[in-house]
Amino acid sequence: MSNIAEYWKNYIDNQWADGGSERLSIENPATGGHLAWQALANRQDTARAVSAAKACHESGALSAMRPVERGRLIRQMGEWLLDHVEEIANILCLEQGKQLWEAKNEATNCARYYEYYGNQVETLEGKSIPLGQNYLDFTIYEPYGVSAQIIPWNFPLEISARSIAAGIATANACVVKSPELAPLSSQYLARAAEAVGLPKGALNLICGLGDEAGAALSEHGDVNQMVFTGSLATGIRIAASAAQNIVPCVLELGGKSAAIVSSDADLDNFIKSLRAGIFTNSGQVCSAMSRAIVHEDIHDEVVERAVELAQSISVGPGIERTQPGLNMGAMINKNQRDKAEAFCQRAGHDGARIVTGGHRLNHHGSFLQPTIIDKVDPAGELGQTEVFGPVISIMKYQSENQAIEIANGTQYGLVGGIFTRDLDRAMNTARKLRAGQIFVNEWFAGGVETPFGGYGKSGYGREKGREALSNYIQTKNVAIRL
Ligand code: NAD
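Residues numbered from 1 in each chain as written. Predicted model: local features only at pLDDT ≥ 70, side-chain atom pairs only at ≥ 80, totals over all residues. Heavy atoms only, no water.

1. Points about helix H6 (residues 187–196)
And then number 1: Most of H6 sits out of view: 7 of its 10 residues are buried.
And then number 2: Taken together, the buried positions of H6 are Gln187, Tyr188, Leu189, Ala190, Ala192, Ala193 and Val196. (Buried < 20%, exposed > 50% of the residue type's maximum accessible area, 1.4 Å probe, protein only. Helix = DSSP H or I, 4+ residues; strand = E, 2+ residues; numbered from the N terminus.)

2. A look at unusual backbone geometry
And then number 1: In this structure, Ile246 takes a positive phi of about 50° despite not being glycine.
And then number 2: When its relative accessible area of 73% is taken as the criterion, Ile246 is described as exposed.
And then number 3: Although it is not a glycine, Lys375 adopts a positive phi angle of roughly 55°.
And then number 4: Tracing the backbone through its elements, the reader meets Lys375 in the loop between strand E18 (371–374) and helix H12 (381–384).

3. Topic: empty space enclosed by the protein
Regions of empty space are outlined by a rolling probe, equal in size to a water molecule, passed over the atoms.
And then number 1: For the structure shown, the criterion picks out 3 cavities of 30 Å³ or more.
And then number 2: Taken as a whole, the largest cavity holds about 90 Å³ of empty space.
And then number 3: As for the largest cavity, its lining consists of 15 residues, of which Arg291, Ala407, Val415, Arg434 and Ala435 are closest to the centre.
And then number 4: For the lining of the largest cavity, the elements supplying multiple residues, two or more each, are strand E13 (257–261) and strand E20 (415–419).
And then number 5: Tallied by class, the residues present in the lining of the largest cavity amount to 7 nonpolar, 5 polar and 3 charged.
And then number 6: Computed from the structure, the second largest cavity encloses a volume of approximately 80 Å³.
And then number 7: Taken together, 14 residues line the second largest cavity, and the ones lying closest to its centre are Val285, Ala288, Ser290, Glu386 and Phe388.
And then number 8: Each residue belonging to the lining of the second largest cavity can be placed in one class, and the counts come to 7 nonpolar, 5 polar and 2 charged. (1 Å grid on protein atoms, 1.4 Å probe; cavity = no way out; pocket = protein on both sides within 12 Å on 5 of 7 lines; lining within 4 Å. Points joined across faces, edges and corners; volume = space filled by probe spheres on them. Nonpolar A, V, L, I, M, F, W, Y, C, P; charged D, E, K, R; others polar.)

4. What to know about the pairing of E20
And then number 1: With 5 of 5 residues buried, E20 lies mostly within the body of the structure.
And then number 2: Both faces of E20 are covered, namely the face carrying Val415, Gly417 and Phe419 and the face carrying Gly416 and Ile418.
And then number 3: Bridge count for E13 against E20 is 4 bridges, and the pairing is parallel. If you follow Ala259 over to E20, its bridge partner there is Gly417.
And then number 4: You can see the chain leave E20, run along helix H14 (residues 423–432) and come back into strand E21 (residues 437–440), and the turn it takes is right-handed. (Pairing = 2+ DSSP bridges. Right-handed = clockwise from strand over helix to strand, strands pointing away.)

5. A look at the domain arrangement of the protein
And then number 1: On domain assignment, one finds that the protein holds domain 1 (7–253 + 459–481) and domain 2 (258–445).
And then number 2: Taken over C-alpha atoms, the centre of domain 1 sits 31 Å from the centre of domain 2.
And then number 3: On the side of domain 2, 34 residues touch domain 1, which itself brings 25 residues to the contact.
And then number 4: Buried surface at the junction of domain 1 and domain 2, summed over both partners, amounts to about 2,100 Å²; 60% is from carbon and sulfur atoms.
And then number 5: Between domain 1 and domain 2 we count 0 salt bridges in total.
And then number 6: At the boundary of domain 1 with domain 2, the tally comes to 12 residue pairs in polar contact (both at pLDDT 80 or more).
And then number 7: Elements supplying a minimum of two residues to the side of domain 1 that touches domain 2: helix H3 (85–96) and helix H4 (100–120).
And then number 8: By residue number, the principal contributor to the side of domain 1 that touches domain 2 is H3, which donates 5 residues. (Domains from an automatic or database assignment. Contact = heavy atoms within 4.5 Å. Buried area = accessible area lost by both parts, 1.4 Å probe. Salt bridge = Lys/Arg side-chain N within 4 Å of Asp/Glu carboxyl O. Polar contact = N/O pair within 3.5 Å; in protein donor to acceptor, adjacent residues only side chain to side chain.)

6. As for the layout of surface pockets
And then number 1: Space inside the largest pocket adds up to approximately 1,000 Å³.
And then number 2: Secondary structure elements with two or more residues in the lining of the largest pocket: helix H7 (210–219), strand E11 (225–229), helix H8 (232–245) and helix H11 (334–347).
And then number 3: Tallied by class, residues from the lining of the largest pocket come to 18 nonpolar, 14 polar and 8 charged.
And then number 4: Inspection of the lining of the largest pocket shows a minimum of three residues originating in each of domain 1 (7–253 + 459–481) and domain 2 (258–445).
And then number 5: In this model, the second largest pocket occupies a volume close to 850 Å³.
And then number 6: Lining the second largest pocket are 31 residues, and of these Asn109, Phe155, Glu158, Thr280 and Phe444 sit closest to its centre.
And then number 7: Element by element, the count of residues in the lining of the second largest pocket is highest for H4, at 7 residues.
And then number 8: Along the lines of polarity and charge, the residues of the lining of the second largest pocket split into 13 nonpolar, 9 polar and 9 charged.
And then number 9: Mapped onto the domain boundaries, the lining of the second largest pocket takes at least three residues apiece from domain 1 (7–253 + 459–481) and domain 2 (258–445).

Spelled out as structure tokens, the structure:
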């Protein structure tokens, strides 16, 4: 079913625009069929979007506005999105593969960023520094100017919203490069801006290929700040472009995050978290629980219960999966599905054992079975590499130090978790885990309000929460001799 528009445009300088690189066919991952056409931006379109944002910034249309007004506009964008949640979720589900109920959650969470950052705008205050009676000194915070934001396909709405809302809250004009595999639903972000009358050029949305529009955007000399969410390989390129232009850059990259499951853990609770942690969005989550490091005393029981869970999950087209429950949709495309399946098939080379799953479904869409792999070598390929699919690696530990060493033993450090009834143990582990966010007894605890970002090669800078705002502002000190 696809009663959706056949052609989707970009949004540049408050105009709906065709793409200089023609059109891209967007696939429905649940069927493998064509869903709609997306206008594809080229380098010139990207440059036009950057100059629109620059003109907006220089006009003061955003930065000279009284913060209460800017905050209201941002909140109104969120309200507009909430009014269109059903429509947006339907498109997100069809283009991305996730279940309709997960798509609805994403569209709702996307609106929440506008509420949260809209509310923050008025609270951003400078400060005065005492220099004695002959001076008045104060520090103010100013926007960088043009914020370039490059978005991945796994949560296109939430990830765009967290950067756009924080960017505009701090009066930066934004150019957003939506992901070429799932760009359609993002158009609603621009429609929201249009509906509430956001100033011309304040939000520009382009879809283009990574090595064309993405590269053009990240290399552009008029971009003043960048936020990149995506893979480590692309992150390295973005960081190099940022270095060339001496612009600050937030990198939100991949992960290989581990849950440590102590012998005293509440296993019902852990299994609930495991479901969310690795089977949400078919495991295509940067902060997925992709490893479970389990105490030897409870290892067999955990494996048995994880298998029972995985086998009870109904996998199929997301559009038919309307209610929260034990179900899972498609992966983004066959390429991604095949890569994840190949990881499973190679797991045995390192002595691991697939206890359930590991294969594609016999179906036109790009589905992979929920997969549990035991006896994974922490140092082997599966123990080290991000699969980005519904595949959890289970490892056994004896001592707490050993568990922490395994958890910290990858190049990443996005999130980590501990399941235990012992608060001292939880705190001790939380201190020792090298990751930007630690979950105790609930994977994905936290929210829009809590800072998110990585240690190590998971990136730098933070998104979400008030903390994120510091990435979008620069400090100016004014010292007055009285
Ligand atoms: P990707 O790096 O392939 O693509 C991400 C974005 O970068 C896309 O919009 C793409 O078009 C663009 N891009 C690609 N090449 C580019 C280039 N040379 N210059 C500029 N832009 C370019 O990543 P992906 O496959 O879309 O996403 C999956 C990865 O993203 C995973 O590693 C995942 O862990 C990570 N991720 C991280 C977070 C986080 O918040 N830390 C969130 C979601 C996804």
